Amino acid sequence: MPNLKELSKKPARLTGGHRMCAGCGAPMVVNWVLKALKEEDKAVTCSATGCLEVSTCLYPYTAWKDSFIHSAFENAAATISGVEACYVAMKRNGKIDDTYKFIAFGGDGGTYDIGLQSLSGAMERGHDMVYVCYDNGAYMNTGIQRSSATPKGADTTTSPAGKVIPGKTQTRKDLTEIIAAHNIPYVAQTVPAIPGTKYMFDLYNKAEKAIYTKGAAFLNVLTPCPRGWRCDTSTELDLIKAAVDTCFWPIYEVENGVYKLNYKPAEKKPITEWLKPQGRFRHLFKPENEHLIAEIQAEVDRRWEALLHLCGEK
Amino acid sequence: MSKRLLMQGNTACVEGALRAGMRFFAGYPITPSTEIAELLSIKLPKVNGKFIQMEDEISSMAAIIGASLCGLKSMTATSGPGFSLKQENIGYAAMTEVPCVIVNVMRGGPSTGLPTCVSQSDVMQSRWGTHGDHPIIVIAPVTVKDIYYMTIKAFNYAEAFRVPVVLLLDEVIAHMRECVELDEEIQIVNRKRPATKESYLPYRNEDDGVPHMADFGMGYKYHVTGLVHNEKGYPTSNPDITEKLITRLHKKIEDKASEIVLFDALNITNGGDLLISYGSSARVCKEIIFNEKVRGIGLFIPYTLWPFPEEQLIKLIKDNNIRRIFVAELNTGQLLLEIRRIVGNTCRVIGINKYNGELFTPEDITKKIEEAIE
């Protein structure tokens, strides 16, 4: 287990003063990931278009201490592929001495949807890089439109809950499984660091493993967005805990094809504990929508059971 | 009976599209066009239409082509970066002659550029963004009311000529709110569908150069491809058929250009100067021509940038002995090139350009005109 005191002494590589919303989970995720870099190692960071990119680089400042590229929306993984491939060639030719690591960040829109092709390509080619998806379940930057990561039933501006549809009608795409199917060295799903939980250092440990595993690695991190989730900022870490305890968002990893469940809740909570505190699911609790909660529960159960089998827990 | 409404430009586009009979929208969120998708996600299901949010702009454009082939009037909306992604499929729509409307709310570029700022720098891209020789119709409204009626026009042109039509808005007119009076009689055009099953050829040159279009599912054999094709729609690389096809694709628009072009000529004075402007810039120019400080200057507003009202402009210049032309636009000079091509040596053409993300002020333009006059 890492020493918190020592970690806190490491200089932040994403500095404060950026303009992310109060309570946004994305900078927490980025900071913990970058903390896993050895101090002597340099990094090239890259961000797809999104809140993170917009709000960390407001003119005339940047919050990124390392080299940073903002690419077109769909190209973060492809852009950093090019950088990594060039670095390898230059290193081989003795033109560069320092050790560099390559880390791309994207929201769920830029990763699950428009950026999926470039991500898949980069993973399959096996660049020595880490792609981190901060999944907050919608296009928050343009005003909360649904994405393929949006959970079923969520109210967004393009899946508006009303008389015609009860929020998003489709289930969430399971991107972690899709990337695992690329058979790359390391794939993991996790959550931001929550003090007092058994998985407090899970993100840090996984980031370290991802960065220092040779080859392509992918992290999928459930990240709170108070604007899109319609929740109070003070409740969001409890919400993340609920996502883990209801098994909506299991914490697991796939290392060289071997599945491992990193945290198993002592008692699996009903999905309503995750849904109820969020305004985006409020309409699901109307009597006419009760069947949807049952459907959502059934889907969570099915995926959880499947994962337990994969992890050898059953 | 007329209806007076306070409306946002993007809302006017949605209302116009629904009035025109648009029942299929596929899109992807992008500032400053997102309101169009958001509103349609609420409104389309209520009229038995279909709204789909796709995984990117490429697939949004592909989906509206598919839907149009099935018989629904279809639209997508985007801004610069998304417009770039749509280009390959816009060419596909031109080649396969699939009616569709693409709304591009222009923002500053290149690349991510200035997502929340106004620009008119996609003018040339709207004409030549996709590869290959191809026809296209591009319409640039000036007011919120224009947006409503010209969205309907865009669908009418797409249906009549079986072409992709680009509705070129910009951040200012898309986001501004204006009082709109919806009082005009409107005409709705629908694509010509085949009359008899027996002799149907999906790409036969009908009298006006526009083949009749069956919907998928109507019972016709219908082969669609982006390859050069014969009247049956089957691929060919025969030079004669190729030349005939490309010629027909262009002629169906060129021959009807005089019926398609839309423009306004305001305050034209004999022996005076002429301002040419479009979109939000034209609004500022209106202020100038009715301003006493600058005398003897008229305003020409092309609403169709392609086909451009060429003959009409040439006649206006000749009839009124225009001395100088000023082209005011929010880019480094894109329509300027087209105007210079059209007028040749007949008069001086001077560009008035702004590309810092802000709209012109009347002073920006009057200053440039006064400098030129001195």
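Before any of the text, the structure's been laid out above.
Values in this document were obtained by computation on a predicted structure and should not be read as measured data. (Residues numbered from 1 in each chain as written. Chains lettered and ligands numbered in written order. Predicted model: local features only at pLDDT ≥ 70, side-chain atom pairs only at ≥ 80, totals over all residues. Heavy atoms only, no water.)

(A) Spotlight on the overall build of chain B. Scanning chain B from N- to C-terminus turns up 13 helices and 15 strands. Since a compact globule built from 374 residues should have a radius of gyration of about 21 Å, the 21 Å found for chain B is in line with a globular shape. Along the three orthogonal principal directions, the C-alpha set of chain B runs to about 70 × 45 × 45 Å. Buried residues in chain B amount to 57% of all 374 residues. Long-range pairs, those at least 24 residues apart, make up 76% of the contacts in chain B with a sequence separation of at least 6. For chain B, the accessible surface area stands at approximately 15500 Å², while carbon and sulfur atoms represent 50% of it. Distance between charge centroids for chain B: 3 Å, based on 41 positive and 45 negative side chains. (Helix = DSSP H or I, 4+ residues; strand = E, 2+ residues; numbered from the N terminus. Rg over C-alpha atoms; globule rule 2.2 N^0.38 Å. Buried < 20%, exposed > 50% of the residue type's maximum accessible area, 1.4 Å probe, protein only. Contact = heavy atoms within 4.5 Å. Areas by Shrake-Rupley, 256 points an atom, 1.4 Å probe, with all protein chains shown as cover. Lys, Arg positive; Asp, Glu negative; His and termini not counted. Charge placed at Lys NZ, Arg CZ, Asp CG, Glu CD.)

(B) Layout of the packing of helix α3 (residues 57–69) of chain B against helix α4 (residues 80–96) of chain B. All names here are of chain B. Close contact between α3 and α4 brings their axes to 7 Å; oriented N to C, the two are set at 30 degrees. Classed by the angle they form, the pair α3 and α4 counts as roughly parallel. In this structure, α3 meets α4 at a crossing whose hand is right-handed. Contact with α3, carried on its side by Glu57, Ile58, Ser60, Met61, Ala62 and Ile65, involves Gly82, Leu85, Lys86, Asn89, Ile90, Tyr92 and Ala93 of α4 and no other residues of that element. (Axes fitted to C-alpha atoms, helices over the stretch in contact; angles between N-to-C directions. Parallel < 35°, antiparallel > 145°, perpendicular 65-115°, else oblique. Left-handed = near helix turned anticlockwise from the far one by under 90°.)

(C) Broad picture of the sheet that holds strand β14 (residues 324–329) of chain B. All names here are of chain B. Strand order in the open sheet formed by 5 strands is β10-β12-β11-β14-β15, with mixed pairing between adjacent strands. What marks the edges here is a single partner per strand, and that holds for β10 (263–266) and β15 (348–353). For this sheet the average axis-to-axis angle between neighbouring strands, irrespective of direction, equals 20 degrees. When strand β11 (residues 273–277) meets β14, the two strands line up parallel, connected through 4 bridges. Bridge assignment links isoleucine 276 to a residue of β14, and that residue is valine 327. Along the sheet, helix α10 (residues 279–289) makes contact with β10, β11, β12 (297–302) and β14, crossing β12 at roughly 160 degrees. Against the sheet, helix α11 (residues 310–319) touches β10, β11, β12 and β14, its axis set at about 160 degrees to β11. (Pairing = 2+ DSSP bridges.)

(D) Local environment of the side chain of threonine 151 of chain B. Residues and elements named next belong to chain B. Here threonine 151 lies in helix α6 (residues 144–161). Assessed through its relative accessible area of 0%, threonine 151 is described here as buried. Look past the residues within four positions of threonine 151 in its chain and what remains in contact with it is Cys13, Gly16, Ala17, Asp146 and Leu167.

(E) Structural view of unusual backbone geometry. All names here are of chain B. Residue proline 32 is reached from threonine 31 by a cis peptide bond, and omega for that bond is 0 degrees. Between tryptophan 306 and the following residue, proline 307, the backbone shows a cis peptide bond with an omega angle of -5 degrees. Relative to the helices and strands, proline 307 is located in the loop between β13 (304–306) and α11. Even without being glycine, serine 111 reaches a positive phi, approximately 55 degrees. Assignment of secondary structure puts serine 111 in the loop between β5 (100–108) and β6 (114–118). Of note, the phi angle at arginine 162 is positive, near 50 degrees, even though the residue is not glycine. Among the structural elements, arginine 162 can be located in the loop between α6 and β8 (164–170).

(F) Examining the interface of chain A and chain B more closely. Across the boundary between the two partners, chain A contributes 17 residues, which contact 18 residues of chain B. A combined buried area of about 1300 Å² lies between chain A and chain B, and 60% of that area is made up of carbon and sulfur atoms. Sorting the residues of chain A by area buried against chain B places Ile114, Thr142 and Thr158 of chain A first, and these three jointly supply 34% of that buried surface. Between the two partners, chain A and chain B, sit 7 residue pairs in polar contact (both at pLDDT 80 or more). Residues of the side of chain A that touches chain B, tallied by class, amount to 5 nonpolar, 9 polar and 3 charged. (Buried area = accessible area lost by both parts, 1.4 Å probe. Polar contact = N/O pair within 3.5 Å; in protein donor to acceptor, adjacent residues only side chain to side chain. Nonpolar A, V, L, I, M, F, W, Y, C, P; charged D, E, K, R; others polar.)

Spatial relationships are all this shows, so hold off on functional conclusions.
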